[in-house]
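# Summary of the model geometry
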Amino acid sequence: MNKLVMEIFFKKKEDQNLQKINSNFFSEISLPTSEKLIKLLLVFCVFASIDFLDILTRSLNLINLQTPFHSNLGIVFLIPLSFIFLSWARIFIFNKNHVLIFMIPLIYGIQENIGYILFSNNYGQYYIEMFFWFGLIYYLVERILLNNKETLLPNLYFLYKCFIGMAVALNLFLLFCKFFLSEFNPFIDYTYITSTNKIAYYGLASIFLLLYYPFEFFNKNWKNNLLITFLIVNISFVGSLGNQLTLILILLIYLKRWQYSLLLTFILVFMTLAFVNGYSEFFQNLTYGIGVIDPKHPDEIINLNNQLTSTYIRNVTNALVIMDFLNNPFFGSGNYNIKENLRYAGHFSHTIFLILLASYGVLTFVFTSVVLYLSSGIENNFKKNGFFSLCVLFIMIGMFNPKLMFFFSILFILYKYFNVANREQNLRKR
């Protein structure tokens, strides 16, 4: 009886949310844009969101292209296409999420300029640009999806397939380079390919979508599981501690009880093997930053293996950023100060949340967090649809990657409208 009542409640709530989206977001006038242009825009939005062109051009030594922006090459191609779309449509439609997202870079810009004028601080525009392009991708994709009610479902499905397809293609490219191409190959930058962990994060995002929103990507369930298995194996081959920790947390949220035991057993075996050679050294390199252990001289860390070197540097730079934040908690000290003055062994902090907190202060950080929270469409979804997993993915990637990952603009939109799409599908099946 209780189960039936809950189903009726959720059905009624979903109907109300669908009506809300229809009344608030859909235009009375459909945008007169061709289907081919819409598909092309969606493709390049995904290109820009996952740095597809940037990764390929930096991987191939035959091509040396530099973007004029702090983002990626996909933005260069997306800008003229977006102008064509907007001029053809002859209409601009903003909702509250669009306005709020574009306010993030505006506030960052105001704070940076105030610091530059009043306190003679250097002007840092890195995250100002990053969030502007994030907002542009989010705006374009949502406006395309909400072109009219009839095209929402097929365009959402196309966006979903395009995102997962490109992420899988990059993961295949990484495996191919690692196992079939020599590091002395003159045609590729082998060091860049094998050191980048962004490709594995795209795989993690695809796993999230395939686990929580399969959306009938494959007709057969075993094919879906095979793709998930491939992505998990590839992430393990990358060798990044951040990727593996994020993967473990996502799987723990999803797996069943008997699978917890299997995964925890694997973790214990891994930790045992890792601790065999110098437990004290391993522990120190993983835990520095809590104010207990004095940092090593930068020259000393070259004796560590590559993974522990990276972990130790991240911990030290995070500790430096936290101390800077405590000195100026409300308005921050500016992004340039974080990137140039708070370096250790030539590196600055890779944790985006700490960088934004120290650069722009707690007030702006709270505003940024609320805007990203709203843009993910939490008001249109329930916990059972994987919002907690999306938060874990976003927070963990923010801990291990030095810049905002554009693909979250696509993930937020997919998450936001999947509940509506699944509801529509169920109605059609009835």
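What you are looking at is a predicted structure, and each value in this text was computed from that prediction instead of being measured.

Attention now moves to the side chain of Lys-416. Within the element layout of this structure, Lys-416 appears in helix 18 (residues 407-429). Accessibility expressed as a relative area gives 0% for Lys-416, which makes it buried. At a separation of 3.3 Å, a polar atom in the side chain of Lys-416 contacts the side chain of Tyr-138. Polar contacts involving the side chain of Lys-416 include one to the side chain of Glu-142, which spans 2.9 Å.

Here we come to helix 16 (residues 352-375). Along its 24 residues, helix 16 runs just 18 Å from first to last C-alpha, ending more than 12% under the 34 Å computed at 1.5 Å per residue. Maximal helix bending in helix 16 amounts to about 125°, located at Gly-361.

The next point concerns unusual backbone geometry. Although it is not a glycine, Asp-51 adopts a positive phi angle of roughly 55°. Locating Asp-51 in the fold gives a position in the loop between helix 2 (35-49) and helix 3 (52-59).

By the element assignment, Leu-247 lies in helix 11 (residues 241-254). A C-alpha to C-alpha distance of 6.6 Å links Leu-247 and Leu-204, two positions 43 residues apart in sequence. Sequence-distant contacts of Leu-247, that is, excluding residues within four places in its chain, are made with Leu-204, Ile-207, Ile-232 and Ile-235.

Turning our attention to the side chain of Ser-206. Topologically, Ser-206 is positioned in helix 9 (residues 198-212). Other than its neighbours up to four places away in sequence, Ser-206 contacts Phe-163, Ile-164, Ala-167 and Leu-231.

In this fold, Asn-224 is placed in helix 10 (residues 221-238). Note: C-alpha distance between Asn-224 and Ile-207 (17 residues apart in sequence) is 9.9 Å.

How each quantity is defined
- Each chain has its residues counted from 1, running along the sequence as written.
- Whole-chain, interface and lining totals are the exception, using all residues; otherwise, since this is a predicted model, local features are given only for residues with pLDDT of at least 70 and side-chain atom pairs are given and counted only at 80 or more.
- Calculated side-chain values reflect all of the structure's heavy atoms, with hydrogen atoms and water omitted.
- Labels follow the DSSP assignment, with helices taken as runs of H or I lasting at least four residues and strands as runs of E lasting at least two, numbered in each case from the N terminus.
- Whether a residue is buried, partly exposed or exposed follows from its accessible area with a 1.4 Å probe, protein chains only, as a fraction of its type maximum: under 20%, in between, or over 50%, in that order.
- Within 3.5 Å is the distance limit for a polar contact, defined as a pair of N or O atoms, with the added protein rule that one can donate a hydrogen and the other accept it, and that residues adjacent in sequence qualify only through two side-chain atoms.
- Helix span, as expected, comes to 1.5 Å for every residue beyond the first.
- We define the bend at each residue as the angle formed by axes fitted to the 7 residues ending at it and the 7 residues starting at it.
- The criterion used for residue contact is that any of the two residues' heavy atoms lie within 4.5 Å.

The quantities given are spatial measurements derived from coordinates; they are silent on function.
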